[in-house]
Amino acid sequence: YCFTENTTPSEGTKVSEVWWNRSIESDDDTNHDDPLRLRASGPVRRAAMKAPNILTTLTPGMTVTAGSKLRFYKEAAVDATFSVHRILRNWTETGVRWSEYASGNSWATAGAANSSDVSTTLTADVLTTGAATGYIEFTSAQLDADIQAMIDGGINNYGWILDTDYTFGNFPISQTWDTDGQRPELIVTVT
């Protein structure tokens, strides 16, 4: 299954889903100069992402096989380390910001910087090299385990947060309503 807003997913079977990407580095949206893209570095360093209806497709009894993929399109030729961690709060697209995960509900530490906001367990990380544009692809046994636990009801499906250590200027990461063929994807194989 490929959960994406891309018209033609890169692999697997398209499942119509809504991915939410939201920059949460600041409550001041005036410094986010491109509303269609996450700006990594500068004032914007994080984005929250989830496929909210994944569990209507992936149901108890299904087993995740190794090789699940989270894919995000990097639209600039920069090298950086990216990481994803599971989010522990039920954030909303319209309410999430630097100080709150939903309207009127504060993160334990602003910016989702507390272990009760985001899991301290690394889901996956990637070092991009070669300064190319294109998909950043996260795979790991932990990502497979996260998705399996969501299916089995052991953890909540609040998605993942994307971080980068890049500090030398801004570059965009495609979001759900950005260029077709460059939107986020979650690819899961089950038996």
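Rules used throughout
- Residues numbered from 1 in each chain as written.
- Predicted model: local features only at pLDDT ≥ 70, side-chain atom pairs only at ≥ 80, totals over all residues.
- Heavy atoms only, no water.
- Helix = DSSP H or I, 4+ residues; strand = E, 2+ residues; numbered from the N terminus.
- Buried < 20%, exposed > 50% of the residue type's maximum accessible area, 1.4 Å probe, protein only.
- Contact = heavy atoms within 4.5 Å.
- Areas by Shrake-Rupley, 256 points an atom, 1.4 Å probe, with all protein chains shown as cover.
- Salt bridge = Lys/Arg side-chain N within 4 Å of Asp/Glu carboxyl O.
- Pairing = 2+ DSSP bridges.
- Axes fitted to C-alpha atoms, helices over the stretch in contact; angles between N-to-C directions.
- Phe/Tyr/Trp six-rings, centres within 6.5 Å; stacked < 30°, edge-to-face > 60°.
- Lys NZ or Arg CZ within 6 Å of the ring centre and 35° of its normal.
- pLDDT = per-residue confidence, 0-100.

Participant: Explain the overall build of the chain here, please?
Facilitator: The number of helices and strands found in the chain is two helices and 14 strands. The proportion of buried residues among the 191 residues of the chain is 52%. Counting only contacts in the chain whose residues sit at least 6 apart along the sequence, the fraction spanning at least 24 positions is 77%. When the accessible surface of the chain is totalled, it reaches about 8200 Å², and 48% of it is carbon and sulfur.

Participant: I'm lost on the pattern of salt bridges in this one. Help?
Facilitator: Opposite charge on two side chains permits pairing when their charged atoms draw close. All told, the structure shown has seven salt bridges when counted by the stated rule. Between E11 and K69 there is a salt bridge whose closest N-O contact spans 2.9 Å. Here E11 is found in the loop between β1 (2–4) and β2 (14–16), whereas its partner K69 is found in strand β6 (residues 69–74), with 58 residues between them in sequence. For E11, a relative accessible area of 32% translates into the label partly exposed. With a shortest N-O distance of 4.0 Å, R86 and D146 are connected by a salt bridge. Taken as a pair, R86 in strand β7 (residues 80–87) and D146 in helix α2 (residues 141–152) lie far apart in primary sequence, 60 residues in all. Comparing R86 with D146, the two get one shared label, buried. Connected through salt bridges with shared partners, the residues R71, E137 and E185 form a single ionic network.

Participant: In this structure, what is going on with the sheet that holds strand β12 (residues 160–164)? I would like to understand it.
Facilitator: Backbone-to-backbone hydrogen bonds pair the strands of a sheet. The strands run either parallel or antiparallel. One open sheet holds the five strands; their spatial order is β3-β5-β12-β7-β10, and the pairing between them is antiparallel. What marks the edges here is a single partner per strand, and that holds for β3 (20–23) and β10 (118–128). When the angles between neighbouring strand axes are averaged without regard to direction, this sheet yields 25°. As judged from the five bridges shared by β7 and β12, these two strands associate in the antiparallel manner. Paired with H85 across the strands is I161, a residue of β12. Relative to β10, α2 is tilted by about 140°, and along the sheet it contacts β7, β10 and β12.

Participant: How should I be thinking about the packing of aromatic side chains in this particular structure?
Facilitator: For any two aromatic rings, the description comes down to two numbers: the centre-to-centre distance and the angle of the planes. Tallied over the full model, the rule gives six aromatic pairs. Each ring, one from W19 and one from F72, has its centre 6.4 Å from the other, and the planes form 85°; the classification is edge-to-face. You can see W19 sitting in the loop between β2 and β3 and its partner F72 sitting in strand β6, a full 53 residues away along the chain. Judged by its relative accessible area of 1%, W19 falls in the buried class. In this structure F72 comes out as buried when scored by relative accessible area, which is 1%. An aromatic cluster of at least three residues, connected via ring pairs, comprises W19, F72 and F138. A cation sits over an aromatic face here: K50 above W91, 4.8 Å from the ring centre. One cation-aromatic arrangement involves R71 over Y135; the distance from NZ or CZ to the ring centre is 3.9 Å.

Participant: Just checking my understanding: could you explain the confidence of the model for the chain for this structure?
Facilitator: Fine structural detail should not be taken from predicted coordinates in areas where pLDDT scores are low. When pLDDT is averaged along the chain, the result is 86; 88% of the residues meet or exceed 70. Across the chain, α2 holds the top mean pLDDT of 97, while strand β4 (residues 37–40) sits lowest at 62.

Participant: Quick question: what am I supposed to make of the side chain of D146 here?
Facilitator: The class for D146 is buried, based on a relative accessible area of 4%. Discounting chain neighbours no more than four positions away, the residues touching D146 are R86, T123, I155 and W160.

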